[in-house]
Amino acid sequence: MKINLSGHHVDITDSIKEHVNQKFSKIATHFPTLISLDVIIAKEHGEYQVELSTNYEGSRISASGSDDVMYPAIAAAAKKLDAALKHRKGQLKADLHQKPVSTTPEIAHEIIQEMKLV
């Protein structure tokens, strides 16, 4: 998976790149069809905001996290992205199964009405 990392009012150092790669390596193994991930780390008003976005199975998935410290903000965003991807994967798997159909005959209500249940 290709990770596009950019910073807004933040210098992206090698340690930040390494941390981001480490955090998203698990997601890359769980969702091998992910091709790229866009990560934007911004610092506004003394708070770090991390925005993540990717395309997964035809839909755009995005997540964000914020914290006073950068690394917990990255972890929070990664956790939200993982949950969103799992939700989307569940939706796709649910569509593969046939919905249950009613097995009662259409005349069952007529039979019940004719019965004297008193």
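Computed from a predicted structure; not experimentally measured. (Residues numbered from 1 in each chain as written. Predicted model: local features only at pLDDT ≥ 70, side-chain atom pairs only at ≥ 80, totals over all residues. Heavy atoms only, no water.)

## A look at the overall build of the protein chain
A count of helices and strands for the protein chain gives three helices and four strands. Going from N to C terminus, the protein chain has its helices and strands arranged as β-α-β-β-β-α-α. Residue burial in the protein chain is summarised as follows: out of 118 residues, 26% are buried. For the protein chain, the share of sequence-separated contacts (at least 6 apart) that also reach a separation of at least 24 residues comes to 51%. (Helix = DSSP H or I, 4+ residues; strand = E, 2+ residues; numbered from the N terminus. Buried < 20%, exposed > 50% of the residue type's maximum accessible area, 1.4 Å probe, protein only. Contact = heavy atoms within 4.5 Å.)

## Quick look at the packing of helix α1 (residues 14–30) against helix α2 (residues 70–94)
For the pair α1 and α2, interaxial distance at closest approach is 11 Å and the crossing angle is 15 degrees. The pairing of α1 with α2 is recorded here as roughly parallel in orientation. For the element pair α1 and α2, the recorded crossing hand is right-handed. Between α1 and α2, the residues in contact are Ser15, Ile16, His19, Val20, Lys23, Phe24, Ile27 and His30 and Met70, Tyr71, Ile74, Ala75, Ala78, Leu81, Asp82, Leu85 and Lys89, respectively. Looking at the contact of α1 with α2, its residues break down into 11 nonpolar, three polar and three charged. (Axes fitted to C-alpha atoms, helices over the stretch in contact; angles between N-to-C directions. Parallel < 35°, antiparallel > 145°, perpendicular 65-115°, else oblique. Left-handed = near helix turned anticlockwise from the far one by under 90°. Nonpolar A, V, L, I, M, F, W, Y, C, P; charged D, E, K, R; others polar.)

## What to know about the environment of Val20
When you line up the elements, Val20 lands in helix α1. Relative accessible area serves as the criterion here: at 1%, Val20 is assigned to the buried category. In the structure, Val20 is positioned 17 residues away from Ile3 in sequence and 8.5 Å away in space, judged by C-alpha atoms. Residues contacting Val20, with those up to four places away along its chain left out, are Ile3, Leu5, Val39 and Ile74.

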